[in-house]
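# Overview (structure and organization)
Spelled out, the chains give:
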Amino acid sequence: MPTRREPTARQLRLAVELRKLREAAGLTARQAASMLGVSNVQISQIESGLSGVSEQRLRRLASHYACTDEELVDALVEMATDRTKGWWEEYRGLLPTPFLDLAELDHHAAFQQDIAILHMPGLLQTEDYARAVFSSRIPELTEEELELRVRHRLTRQRRAVFPHEIVIHESALRIRVGDRVATRSQLVRLVEASETDRITLRVIPFDLDGFARASSTMTYVGGAVRKLDTVARDAPHGAFLIDSGAQLGAYRLRFRKVGDVSLNPDRSRDFIHRLTKEL
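Please read these numbers as outputs of a predicted model, since none were measured by experiment. Along each chain, numbering runs from 1 in the same order as the chain's sequence is written. With the structure being a predicted model, the display of local features is reserved for residues of pLDDT at least 70 and the display and counting of side-chain atom pairs for 80 or more, all residues being used for whole-chain, interface and lining totals. The basis for every side-chain value is the complete set of non-hydrogen atoms in the structure, without hydrogens or water.

## What to know about the pattern of salt bridges
Threshold: Counted as salt bridges are all cases of a side-chain nitrogen of Lys or Arg within 4 Å of a carboxyl oxygen of Asp or Glu. Counting from the N terminus, the helices are DSSP H or I runs at least four residues long and the strands are E runs at least two residues long. Note on classification: 1.4 Å probe, protein chains only; a residue is buried when its accessible area is under 20% of the maximum for its type, exposed when over 50%, partly exposed between these limits.
The final tally for this structure, using the stated rule, is 20 salt bridges. Note that Glu147 is salt-bridged to Arg131, the shortest N-O span being 2.8 Å. With a gap of 16 residues between them, Glu147 in helix α8 (residues 143-159) and Arg131 in helix α7 (residues 127-135) connect regions that are remote in the sequence. Look at Glu147 and you get partly exposed, because its relative accessible area is 29%. Between Arg174 and Glu278 there is a salt bridge, with the nearest N and O atoms lying 3.4 Å from each other.

Right, dumping it as structure tokens:
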């Protein structure tokens, strides 16, 4: 297979998982190459995402690595053989790569869970709100860069079809990212979204005593199997992705604890509706 110049996040994740399987089996890259009948360079390229791997070779590797998790192997095969050229590819070279990575995650997501502290979750932002968020960036974006980011975000929203759970802190609801009209429209959008079957929305009010777990944002994205879940954390350039098993477990626990103490969906909807009336 030809060598890639810029592997996607999904291709890199496949490479990481194959390396994890080899290391768990206690094998070196040289031993894996010998078992497969290829060069060390080929194994190195596969495990760095620079080269693809066929279904046959992937299943042979899994067998050599004594991996008995058939669901995981099947999911890795799907990743290896996926030839999807997603809508986000039209932005390659125009937007920073993390924006494309998020869209690719959305496309393959089984579900998504968000904790929002200062800003509304990107997949629920109105156009005016998204434009205000991107306009606040330092250094400032050009008009073309701004419009590209807004268009990319709105396209992500239209194509999101997975179950989505969101916990929003009251601070994010009250901070006026744009003007009064834009803020009210954004709150109305949240109420409308909370009434759909796909979206579950909960609010953490200011008056919750002694609660510090919602100190930063996170987006937890479900994969085809649990081991392929991913956490996206906000960063100035877009987001960075986390996929280590220990950290995924910690973020799953964090979301569960945050969700347990937040208002239920009905009370959350009423809470947002009251804030809307104040504007």
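## Points about the packing of helix α1 (residues 9-24) against helix α5 (residues 70-81)
Basically, it comes down to this: Between N-to-C directions, angles cover 0 to 180 degrees, with each direction set by a line fitted to C-alpha atoms, over the stretch in contact for helices. Here the angle decides the label: under 35 degrees means roughly parallel, over 145 means roughly antiparallel, 65 to 115 means roughly perpendicular, and every other value means oblique. Two helices crossing with the near one rotated counterclockwise from the far one by less than a right angle form a left-handed crossing, whereas a clockwise rotation gives a right-handed crossing. In what follows, residue pairs with any heavy atoms lying within 4.5 Å of each other are defined as contacts. In this classification, the charged set is Asp, Glu, Lys and Arg, the nonpolar set is Ala, Val, Leu, Ile, Met, Phe, Trp, Tyr, Cys and Pro, and all remaining amino acids, among them Gly, are polar.
Relative orientation of the contacting elements α1 and α5 amounts to 140°, with a least axis distance of 10 Å. Classed by the angle they form, the pair α1 and α5 counts as oblique. The handedness of the crossing between α1 and α5 is left-handed. Along the contact surface, α1 presents Arg10, Arg13, Leu14, Glu17, Leu18 and Leu21, while α5 presents Leu72, Leu76, Glu78, Met79 and Ala80. Taken together, the residues that form the contact of α1 with α5 break down as seven nonpolar, no polar and four charged.

## Concerning the pairing of strand β1 (residues 111-116)
Under the convention used in this document: A pair of strands is treated as paired once DSSP finds two or more bridges between them.
Counting buried positions along β1 yields five of six residues, so the element is predominantly enclosed. The pairing of β1 with strand β4 (residues 218-222) spans five bridges and is antiparallel. Within β4, the position partnered with Gln112 by the bridge is Val221. Strand direction decides the pairing type here: β1 and strand β2 (residues 164-169), joined by five bridges, are parallel. Bridge assignment links Gln112 to a residue of β2, and that residue is His164.

## Details of the nonpolar core
Nonpolar side chains tend toward joint burial in soluble globular proteins. Inclusion rule: Here, nonpolar core refers to any group of buried Ala, Val, Leu, Ile, Met, Phe, Trp, Tyr and Cys residues whose side-chain atoms link them within 4.5 Å.
Within the largest apolar cluster, 24 residues are counted, with the highest numbers of intra-cluster contacts made by Leu14, Leu18, Val53, Leu58, Leu76 and Leu228. Per element, the largest residue contribution to this core is seven residues, and it comes from α5. Sequence-distant contacts of Leu58, defined by excluding residues within four places in its chain, comprise Leu14, Leu18, Val53, Val73, Leu76, Val77 and Ala80. Within the second largest apolar cluster, 20 residues are counted, among which are Val133, Val203, Leu263 and Leu275.

## Quick look at the confidence of the model for the protein
How we decide: A residue's pLDDT is the confidence the predictor assigns to it, expressed on a 0 to 100 scale.
On average, the protein scores 92 in pLDDT, and the residues at 70 or more come to 96%. Across the protein, the element-wise mean pLDDT spans from 79 in strand β6 (residues 238-242) up to 97 in α5.

## What to know about the packing of α7 against α8
Contact pair α7 / α8: the axes reach a minimum separation of 9 Å and the direction vectors enclose 135°. Regarding the angle of α7 to α8, the classification is oblique. Handedness of the α7/α8 crossing: right-handed. Along the contact surface, α7 presents Glu127, Ala130, Arg131, Phe134 and Ser135, while α8 presents Leu146, Glu147, Arg149, Val150, Arg153 and Leu154. Tallied by class, the residues present in the contact of α7 with α8 amount to five nonpolar, one polar and five charged.

## Points about helix α11 (residues 245-261)
Basically, it comes down to this: Helix span, as expected, comes to 1.5 Å for every residue beyond the first. The directions from the helix axis to the C-beta atoms form the arc being described.
For α11, with 17 residues, the first-to-last C-alpha span of 25 Å sits near the 24 Å given by 1.5 Å per residue. Taken together, the buried positions of α11 are occupied by Leu248, Tyr251, Arg254, Phe255, Val258 and Gly259. In a view along the axis of α11, the buried residues occupy a sector of 125°, so they form one face of it. Residues of α11 that are exposed and point more than 90 degrees away from the buried face comprise Ala246 and Asp260.

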